[in-house]
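The primary structure of each chain is shown beneath.
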Amino acid sequence: MIKQVTQPILEIHDLTVSYDQSPVLWNVDFSLPAGKLIGILGPNGAGKSTLIKAIMGLIEPNSGYVKIFDQDLDKVRNKISYVPQRESVDWNFPASVLDVVLMGTYGKLGLFKRPGKKERELALSCLEKVGMTAYVHRQISELSGGQQQRVFIARALAQEADLYLMDEPFAGVDMNTETAIFNLLQEMSQSGKTVIVVHHDIYSAVNYFDWFIMLNLHLVASGPKNEVVTEELLRKTYGGKLNLLSKVSELIRQKEFNPLKD
Amino acid sequence: MMTFDQNAFLIIFTASLIAISCGLLGVFMMLRKMAMTGDAISHAVLPGIVIGFLVSGTQRGLEVIVGAGILGILATLMIDWLRKKARVQLDASIGITFTLLFAIGIILISAFAYRVDLDQECVLYGEIAYLPIDLWITDAGKSLGPRIMWLAILNLILVLSFITLFYKELKLTSFDEKFGVVIGIPASAINLGLMSMVSYTTVSSFEAVGAILVVALLVVPPATAFLWTRQLRQLIQLTLIIGIAVSLLGYYLAYLLDSSIAGMMVTVAGIIFFVSVGLTRYRSKIKFGTQNEAKAFSS
């Protein structure tokens, strides 16, 4: 079940990516509408992060292409924002919370220019949105996992982009932070931004996102929640993990999940 | 016994200039987890020096610096290629690359020994004590002071401009290179720029302090400063202070004990580092009781 859209914000055509001859993504082809909160679901090793990295140009695909706002990545870098996995950097780096968020403004500043008052104010307002105002001058080495994640999201907000790609922003954060981040993402998508999130927890995903991409090397599904969150497609995505699947159907039954309600 | 004459001043001044250049670059090398790449570069430039020397016929030619620069970048690319494409671990790639290039340099020196007035001792250890008698004399016969001092001044100016111009890019790519690439910062150009500066600094400091001290100055002062602070600006400032202290103390200790200045500078740097390790551990133990509670409360 792959639903293609007209005037997509992101279009991926026949994308194949492999590491050392073994394919990690196989013939992925889909398009996404603007202004949605989109979840990428799939089991471990399904190629979720690889997909994000290929979209961001961090991995060279073997074949296929990615178009964003109907253009090549290099022409629209200013409109795209990226939240890498929290573990991808060394948090012992000598920088304050504000320093890191200011890095989000560097793309628009260009070479040689230093961030000034305007960028500082922007960074502070982004920190306010993620509830980190009290930690502006804190060294990043002293932050908890959830706080690190908030700082990364604030940095992405400071890019003032239209399309946001986030790699596991809910990994290893407490409930409180998860809810706060989710509310923020929802606000963003309501104000017309498109947010694509790699997520591993199906239970919460059903509540969070309004468009789903289901991935397991191949693309299993891409479409609105009410059309793709079905037992059959989840089974296809998660393969033979029966234990998990019975939990899923139980979950769907328990919540009396009704696609028509949304 | 302790004298502060003109020669002492010139040596300490030049050593400090070199320590500052190395320290500035070393901070970013350390933050990129590339401290040992600096080591690799400082050895890998040897064949470049020899080839430059053979081409120009003099140790002071521009060709020597260009040759070294090219080899420095080549070493960086080779390490990167081995790591990413051949999937060799970083430390092994460094070990393979610089020993190979250094060995080629040694072979070149011995093969062309009759034409090369370069000795391996000088490349490895340097001799800053000769600095006051190696003067830069103009065609008109006027002496402008020690040649190596002028090289060190030029070097520092280049390093300072590079780091001032690209400060924010260096900072971002050191912290999160992928994010830098995504927002369109020329991360690989910045990286190559930094490696070229390290190569150039290594070469222009060779005669004065040798390859070993260059590595020590690239690695030890930033590592020591990192024990004390988690702020980039303070880290840089502290690195520079340590670099100057090392030059000053190294010179006078060498003078007192009548030994190698470069060797004494490395020793002093090592001592400062280990004293810092001891003091910072002691400090964190004192803080432990109260700090822990306050932290738990705020997060």
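It should be emphasised that the depicted structure is a prediction, and the values quoted were computed from it without experimental measurement.

The next point concerns the overall build of chain A. From N to C terminus, chain A includes ten helices and nine strands. Here the C-alpha atoms of chain A give a radius of gyration of 19 Å, agreeing with the 18 Å that 2.2 N^0.38 yields for 262 residues. Viewed in the frame of its principal axes, chain A has a C-alpha envelope of about 55 × 40 × 35 Å. Buried residues in chain A amount to 42% of all 262 residues. Here the analysis covers contacts within chain A between residues at least 6 apart in sequence; of these, 70% occur between residues at least 24 apart.

We now examine the overall build of chain B. The number of helices and strands found in chain B is twelve helices and two strands. Per-residue burial over chain B gives 45% buried out of 299 residues. Taking the contacts inside chain B whose residues are at least 6 apart along the sequence as the reference set, 70% of them involve residues at least 24 apart.

This next bit is on the sheet that holds strand β1 (residues 10-19) of chain A. The pairing of strands in a sheet happens through backbone hydrogen bonds and is either parallel or antiparallel. Residues and elements named next belong to chain A. In space, the three strands of this open sheet follow the order β2-β1-β4, with antiparallel pairing throughout. Each having just a single partner strand, β2 (22-32) and β4 (63-68) make up the two edges of the open sheet. For this sheet the average axis-to-axis angle between neighbouring strands, irrespective of direction, equals 20°. In this sheet, β4 lies alongside β1 in antiparallel orientation, the contact comprising five bridges. Each residue of the ladder has a partner; that of H13, found in β4, is Y65. Set on the sheet, helix α1 (residues 48-55) makes contact with β1, β2 and β4; between it and β2 the angle comes to about 65°.

Here we take up the sheet that holds strand β6 (residues 163-167) of chain A. All names here are of chain A. With mixed pairing, six strands are arranged side by side in an open sheet as β5-β6-β7-β3-β8-β9. Each edge of the open sheet carries a strand with a single partner, namely β5 (80-83) and β9 (218-224). The average angle at which neighbouring strand axes cross in this sheet is 15°, direction not considered. Bridging between β5 and β6 involves four bridges; their strand directions are parallel. Along β6, the bridge assignment pairs Y82 with L165. Running at roughly 170° to β5, helix α5 (residues 145-157) makes contact with β5 and β6 of the sheet. Sitting on the sheet, helix α9 (residues 231-238) touches β3 (37-41), β8 (211-216) and β9, and the angle it makes with β9 is about 150°.

What follows is about the packing of helix α1 (residues 6-31) of chain B against helix α2 (residues 35-44) of chain B. Two measures define how a pair of helices packs: the angle their axes make with one another and the distance between the axes. Residue and element names in this part refer to chain B. At a closest axis distance of 7 Å, the pairing of α1 and α2 adopts a crossing angle of 125°. Taken together, the axes of α1 and α2 lie oblique to each other. Contact residues: α1 offers G26, M29 and M30, while α2 offers A35, T37 and G38. Here the contact of α1 with α2 is composed, by residue class, of three nonpolar, three polar and no charged.

The next subject is unusual backbone geometry. For residues other than glycine, phi is negative in most cases, and the peptide bonds are mostly trans. In this model, E160(A) sits at a positive phi of 45°, which is unusual for a non-glycine residue. Mapped onto the elements, E160(A) comes out in the loop between α5 and β6. Positive phi is not limited to glycine here, since D258(B) has a value of about 55°. Here D258(B) is to be found in the loop between α11 (232-257) and α12 (261-298). Of the residues examined, D258(B) has 6 C-beta atoms within 10 Å and is grouped as exposed.

Interface size is commonly expressed as the accessible surface area that is lost when the partners come together. Taken together, the contact between chain B and chain A spans 19 residues of the former and 19 residues of the latter. At the level of secondary structure, the elements contributing two or more residues to the side of chain B that touches chain A comprise α8 (167-175), α9 (177-182) and α11 of chain B. It is α9(B) that provides the largest number of residues to the side of chain B that touches chain A, a total of four residues.

Further remarks concern the pairing of β2(A). All names here are of chain A. As paired strands, β1 and β2 are joined by seven bridges and run antiparallel to one another. For S18, the partnering residue across the bridge sits in β2 and is P23. Here β1 hands over to β2 after two residues, with D20 in that stretch at a positive phi of 50°.

This brings us to the confidence of the model for chain B. Residues and elements named next belong to chain B. Looking at chain B as a whole, the pLDDT averages 84, with 88% of positions reaching at least 70. Across residues 289-299, where pLDDT falls below 50, the model places one contact with residues more than four positions away in sequence or in other chains. For this predicted complex, the interface confidence comes out at an ipTM of 0.86, alongside a pTM of 0.86.

We now examine the packing of α2(B) against helix α5 (residues 90-111) of chain B. All names here are of chain B. As a packed pair, α2 and α5 sit with axes 8 Å apart at the nearest point and diverge in direction by 15°. Classified by the angle between their axes, α2 and α5 sit roughly parallel to one another. For the crossing formed where α2 meets α5, the hand is left-handed. On the side of α2, the interface is formed by M36, T37, A40, H43 and A44, while α5 contributes I94, T97, F98, L101 and F102. Looking at the contact of α2 with α5 residue by residue, the classes come out as seven nonpolar, three polar and no charged.

Okay, the nonpolar core next. Within the largest apolar cluster, 163 residues are counted, with the highest numbers of intra-cluster contacts made by V101(A), A154(A), L25(B), A44(B) and M265(B). Take this core: its biggest share by element is 20 residues, from helix α10 (residues 187-228) of chain B. Not counting the four nearest positions on each side in its chain, V101(A) is found in contact with A123(A), C126(A), L127(A), V151(A), A154(A), R155(A) and A158(A).

With that settled, consider the environment of V55(B). Looking at the secondary structure, you find V55(B) in helix α3 (residues 46-56). As a C-alpha pair, V55(B) and L25(B) span 30 residues in sequence and 29 Å in three-dimensional space.

Here we come to the pairing of β3(A). Residues and elements named next belong to chain A. Of all the five residues making up β3, five are buried; the element is thus mostly covered by neighbouring parts of the structure. Along β3, one buried face is formed by L37, G39 and L41 and the opposite face, lined by I38 and I40, is buried too. Summarising the sheet, β3 and strand β7 (residues 194-198) pair through four bridges and their orientation is parallel. Across the sheet, G39 pairs through a bridge with V197, a residue of β7. With four bridges joining them, β3 and β8 adopt parallel strand pairing. When the bridges of β8 are listed, L41 appears paired with M214.

The rules we used
Residues numbered from 1 in each chain as written. Chains lettered and ligands numbered in written order. Predicted model: local features only at pLDDT ≥ 70, side-chain atom pairs only at ≥ 80, totals over all residues. Helix = DSSP H or I, 4+ residues; strand = E, 2+ residues; numbered from the N terminus. Rg over C-alpha atoms; globule rule 2.2 N^0.38 Å. Buried ≥ 20, exposed ≤ 12 C-beta atoms within 10 Å, placed from the backbone. Contact = placed C-beta atoms within 7 Å. Pairing = 2+ DSSP bridges. Axes fitted to C-alpha atoms, helices over the stretch in contact; angles between N-to-C directions. Parallel < 35°, antiparallel > 145°, perpendicular 65-115°, else oblique. Nonpolar A, V, L, I, M, F, W, Y, C, P; charged D, E, K, R; others polar. pLDDT = per-residue confidence, 0-100. Left-handed = near helix turned anticlockwise from the far one by under 90°. Core = buried A, V, L, I, M, F, W, Y, C linked by C-beta atoms within 7 Å.

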